[in-house]
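Examining the three-dimensional arrangement
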Amino acid sequence: AKVVALFDADRQEVPALDAGTSGFVVLDQTPFYVESGGQVSDVGTLTGEDGSASVQAMSRLVAGGPRVHHVTVGSGILRAGQVVAARVDVARRTAIRRNHTATHLLHAALRQTLGPHVKQAGSLVAPDRLRFDFVHTGTISAADLETIERAVNSQIMRNTGVQTTIKKTDEAMALGAMALFGEKYGDTVRVVDIPGFSLELCGGTHCRATGDIGVFAVLSEGGVAAGVRRIEAVTGDGAVALLQEERR
């Protein structure tokens, strides 16, 4: 990718960033995901002939603007106009994908177990855990929570392929795709489909198949506001670590 512009820590445009300094980089194209819809930003590296930098976060400095890389230059120098190799931290991205796809399975399992009134009210998708807030009045029994957890893991063991397509918004809604309450959508939307179980509008990163999640384990469940409940859970390596900790 080509470095289109550089900004220092005070967000002033500069021709270059030297080793040891922090700033912002705009590229003409990037594989890095910017935090959105509850999913955290990617991290990774930018490497050019004259220097390299670590990417610690992503953002848009202005609404609707380009994705901006928050960087610290580790060695050499980054200059405007140079070409760099942009590399996402793959292990971290993979962990995030597991947790994001698991939130879709969890949402569907909640609606299946508790009723169609359940709707997403917020989420956090990080590499180490997921948090899912949803509309529901009353408590959730231990038996229902176990049913929900089993339903998610059953879908994981089916290893269903996760399909992503771009559709016209009205067409996606007609198919029954779940949308975030209050979210504004354009003429087209990205649809994430786990056939036979979940259909949602979502722009995040996802597994290729549900089996990539490995295993899903609930950490906690409780109320966070009037009529809103929260489930926190782990998948993959995090779930294995939880099981080993409980065994110890």
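The structure under discussion appears in the preceding block.
It should be emphasised that the depicted structure is a prediction, and the values quoted were computed from it without experimental measurement.

**Digging into the sheet that holds strand β15 (residues 228-235)**
Taken in spatial order, the 4 strands of this open sheet run β9-β10-β15-β14, and their pairing is antiparallel. Looking at which strands have only one partner, the edges of the open sheet turn out to be β9 (120-125) and β14 (216-225). If you compare each strand with its neighbour and ignore which way they point, the axes differ by 15 degrees on average. For β14 and β15, the ladder comprises 8 bridges, and the chain directions are antiparallel. Bridge assignment links Ala225 to a residue of β15, and that residue is Val228. The strands touched by helix α1 (residues 90-114) within the sheet are β9, β10 (130-135), β14 and β15, with β10 carrying the most contacts at an inclination of about 30 degrees.

**Observations regarding the pattern of salt bridges**
Within the structure shown, the criterion is met by 7 salt bridges. Between Asp42 and Arg93 there is a salt bridge; the shortest N-O distance is 2.6 Å. Remark: Arg93 occurs in helix α1 and Asp42 occurs in the loop between β4 (22-27) and β5 (44-48); sequence separation between them is 51 residues. Arg93 carries the same exposure label as Asp42, and that label is buried. In this structure, the salt-bridge partner of Arg79 is Asp50, at a minimum N-O distance of 3.0 Å. Of the two residues, Arg79 is situated in strand β7 (residues 68-79) and Asp50 in the loop between β5 and β6 (51-59); the sequence distance between them amounts to 29 residues. Relative accessible area serves as the criterion here: at 38%, Arg79 is assigned to the partly exposed category. On the basis of relative accessible area, Asp50 is assigned to the partly exposed category, the value being 41%. Taken together, the shared-partner salt bridges in this structure form one network comprising Asp128, Arg129 and Glu232.

**Points about the environment of Glu35**
Inspection of the secondary structure puts Glu35 in the loop between β4 and β5. Between the C-alpha atom of Glu35 and that of Met58, which follows or precedes it by 23 residues, the distance is 6.7 Å. Each residue touching Glu35, except ones within four places of it in the same chain, is listed here: Val40, Ser41 and Met58.

**Quick notes on the sheet that holds strand β12 (residues 188-194)**
Pairing in this open sheet of 3 strands is antiparallel, and the strands run β11-β12-β13 from one edge to the other. In the strand order of this sheet, the two ends are held by β11 (163-168) and β13 (198-201), each with one partner. Going across the sheet, the axis of each strand differs from the next one's by a mean of 25 degrees, ignoring polarity. Where β11 meets β12, 6 bridges bridge the pair, whose relative direction is antiparallel. Looking across to β12, one finds that Lys167 is bridged to Val189.

**Comments concerning helix α2 (residues 142-158)**
An ideal rise of 1.5 Å per residue puts 24 Å on 17 residues; α2 measures up with 24 Å between its terminal C-alpha atoms. Every buried residue belonging to α2 is among Leu145, Ile148, Ala151, Val152, Asn153, Gln155 and Ile156, and all of these are buried. Looking at the packing, one finds that the buried side of α2 touches α1, β14 and β15.

**Remarks on the nonpolar core**
Core analysis: the largest hydrophobic core is formed by 28 residues, its most contacted members being Leu106, Leu110, Phe134 and Phe216. Elements supplying a minimum of two residues to this core: α1, β10, α2, β12, β14 and β15. For this core, the element with the most residues is α1, which contributes 7 residues. Those residues in contact with Leu110 that lie beyond four places of it in its chain are Gly115, Val118, Phe132, Phe134, Ile148 and Ile231.

**What to know about the packing of aromatic side chains**
Aromatic ring pairs: the centre-centre distance and the angle between the two ring planes describe each pair. Overall, the coordinates contain 1 aromatic pair when judged by the stated rule. Measuring from centroid to centroid gives 6.2 Å for Phe132 and Phe134, while their planes differ by 25 degrees, and the two rings are stacked. Judged on exposure class, the residue Phe132 and its partner Phe134 are both buried.

**Re the layout of surface pockets**
Of the pockets and cavities examined, the largest pocket occupies roughly 640 Å³. Contributing to the lining of the largest pocket are 30 residues, with Ser36, Gly37, Cys202, Gly203 and Gly204 lying nearest its centre. When contributions to the lining of the largest pocket are tallied by element, the ones reaching two or more residues are β6, α1, β9, β12 and β13. With 4 residues, the top contributor of residues to the lining of the largest pocket is α1. Of the residues contributing to the lining of the largest pocket, the split by class is 12 nonpolar, 12 polar and 6 charged.

Parameters and conventions
- Residues numbered from 1 in each chain as written.
- Predicted model: local features only at pLDDT ≥ 70, side-chain atom pairs only at ≥ 80, totals over all residues.
- Heavy atoms only, no water.
- Pairing = 2+ DSSP bridges.
- Helix = DSSP H or I, 4+ residues; strand = E, 2+ residues; numbered from the N terminus.
- Axes fitted to C-alpha atoms, helices over the stretch in contact; angles between N-to-C directions.
- Contact = heavy atoms within 4.5 Å.
- Salt bridge = Lys/Arg side-chain N within 4 Å of Asp/Glu carboxyl O.
- Buried < 20%, exposed > 50% of the residue type's maximum accessible area, 1.4 Å probe, protein only.
- Expected span 1.5 Å × (residues − 1).
- Core = buried A, V, L, I, M, F, W, Y, C linked by side-chain atoms within 4.5 Å.
- Phe/Tyr/Trp six-rings, centres within 6.5 Å; stacked < 30°, edge-to-face > 60°.
- 1 Å grid on protein atoms, 1.4 Å probe; cavity = no way out; pocket = protein on both sides within 12 Å on 5 of 7 lines; lining within 4 Å.
- Points joined across faces, edges and corners; volume = space filled by probe spheres on them.
- Nonpolar A, V, L, I, M, F, W, Y, C, P; charged D, E, K, R; others polar.

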